[in-house]
Amino acid sequence: MTGKKIVCRCNDVTVEDVERLIDSGVTDIEEIKRLLRVGMGPCQGRTCIPIVISILARKTGERPEEIPLPKARVPIRPVRVEVIVGGADE
């Protein structure tokens, strides 16, 4: 038996999850990100976004360079680092 091919370790997303979504007609990287939460874990997509782009390119016939990176979103209001890492009272 073969194991799962993990794309996003932060959110436990597999190659099969990404391919199933693309096969259902979802080919926008922003929508894939929202639906599967790839790029939203602690690594912020450093590992999974390039993998998702390569899967998307393979499944759609586009070149990876033609697929735009998802938009980075900063917090709505500034947050002190101490709050994020748990070193200060919220």
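Conventions used here
In this convention, every chain numbers its residues from 1, walking through the sequence in written order. Thresholds applied to this predicted model are a pLDDT of at least 70 for local features of residues and 80 or more for the giving and counting of side-chain atom pairs; totals over whole chains, interfaces and linings are not thresholded and use all residues. Each side-chain value is derived from all of the structure's non-hydrogen atoms; neither hydrogens nor water enter the calculation. Working definition: helices are DSSP H or I runs of at least four residues, strands are E runs of at least two. Numbering for both runs from the N terminus. Our radius of gyration looks at C-alpha atoms and nothing else; its globule reference is 2.2 Å times the residue count to the power 0.38. Only protein chains enter the calculation, and the probe is 1.4 Å; a residue is then buried if its accessible area is under 20% of its type maximum, exposed if over 50%, and partly exposed in between. Note on contacts: a residue pair is in contact if any heavy atoms of the two residues lie within 4.5 Å. Working definition of accessibility: Shrake-Rupley area with a 1.4 Å probe, residue cover restricted to the visible protein chains. In this charge count, Lys and Arg are treated as positive and Asp and Glu as negative; neither His nor the chain ends contribute. By convention, charge coordinates are those of NZ in Lys, CZ in Arg, CG in Asp, or CD in Glu. The length a helix should cover is 1.5 Å for every residue beyond the first. We count a salt bridge whenever a side-chain nitrogen from Lys or Arg sits within 4 Å of a carboxyl oxygen from Asp or Glu. Patches in this entry comprise residues that are over 30% relatively accessible and not in a salt bridge; like charges within 9 Å are linked, as are nonpolar side chains (Val, Leu, Ile, Met, Phe, Trp, Tyr) within 5 Å. We define a nonpolar core as any set of buried Ala, Val, Leu, Ile, Met, Phe, Trp, Tyr and Cys residues linked to one another through side-chain atoms lying within 4.5 Å. The quantity called pLDDT is the predictor's confidence in a given residue, expressed from 0 to 100.

**Thoughts on the overall build of the chain**
Part 1 of the reasoning: When its secondary structure is counted, the chain shows 4 helices and 2 strands.
Part 2 of the reasoning: Put simply, the chain runs from its N terminus to its C terminus through helices and strands in the order β-β-α-α-α-α.
Part 3 of the reasoning: In terms of overall size, the chain is more extended than a compact globule, its C-alpha atoms giving a radius of gyration of 15 Å where 90 residues would be expected to give roughly 12 Å.
Part 4 of the reasoning: The C-alpha extent of the chain, read off along each of the three principal axes, is 50 × 35 × 20 Å.
Part 5 of the reasoning: Across the 90 residues in the chain, those meeting the buried criterion constitute 32%.
Part 6 of the reasoning: If you take every contact in the chain between residues at least 6 apart in sequence, the share linking residues at least 24 apart comes to 46%.
Part 7 of the reasoning: In the form shown here, the chain has an accessible surface area of approximately 6,600 Å², with 53% of it arising from carbon and sulfur atoms.
Part 8 of the reasoning: Placing the 15 positive and 14 negative side-chain charges of the chain at their respective mean positions leaves the two points 2 Å apart.

**Things to note about helix α3 (residues 48-60)**
Part 1 of the reasoning: With 13 residues, α3 should reach 18 Å at 1.5 Å per residue; the first-to-last C-alpha distance of 18 Å fits that figure.
Part 2 of the reasoning: Where α3 is buried, its residues contact β1 (6-8), α1 (15-23) and α2 (29-36).
Part 3 of the reasoning: Phi turns positive, to about 85°, at Gly61, one or two residues after α3.

**Concerning the pattern of salt bridges**
Part 1 of the reasoning: Applying the stated criterion across every chain yields a total of 6 salt bridges.
Part 2 of the reasoning: Here Glu65 and Arg63 are joined by a salt bridge, their closest N and O atoms 3.1 Å apart.
Part 3 of the reasoning: Residues Glu82 and Arg80 are paired through a salt bridge, measuring 3.6 Å at the closest nitrogen-oxygen approach.
Part 4 of the reasoning: Among the residues examined, Glu82 registers a relative accessible area of 40% and is labelled partly exposed.

**Comments concerning a nonpolar patch on the surface**
Part 1 of the reasoning: Taken together, the side chains of Val79, Val81, Ile84 and Val85 make up a nonpolar region of the molecular surface, amounting to roughly 400 Å² of accessible area.
Part 2 of the reasoning: Note on placement: Val79 falls in the loop between α3 and α4 (81-85).
Part 3 of the reasoning: Using a relative accessible area of 40% as the deciding quantity, one classes Val79 as partly exposed.

**Comments concerning the nonpolar core**
Part 1 of the reasoning: Grouped together as the largest cluster of nonpolar side chains are 20 residues, with contacts concentrated most on Val7, Val18, Ile32, Leu36, Val38 and Val52.
Part 2 of the reasoning: For this core, the secondary-structure elements that each account for two or more residues are β1, α1, α2 and α3.
Part 3 of the reasoning: Counting residues per element, this core draws most heavily on α3, which supplies 7 residues.

**Notes on the confidence of the model for the chain**
Part 1 of the reasoning: Summary statistics for the chain give a mean pLDDT of 88 and a share of 92% for residues scoring 70 or more.
Part 2 of the reasoning: Looking over the chain, one finds the lowest element-wise mean pLDDT in α4, namely 80, and the highest in α1, namely 97.

**Focus on unusual backbone geometry**
Part 1 of the reasoning: Positive phi is not limited to glycine here, since Asp12 has a value of about 55°.
Part 2 of the reasoning: Here Asp12 lies in the loop between β1 and β2 (13-14).

**Re the side chain of Glu19**
Part 1 of the reasoning: When you line up the elements, Glu19 lands in helix α1.
Part 2 of the reasoning: Setting aside residues no more than four positions away along its own chain, Glu19 makes contact with Ile55, Arg58 and Lys59.

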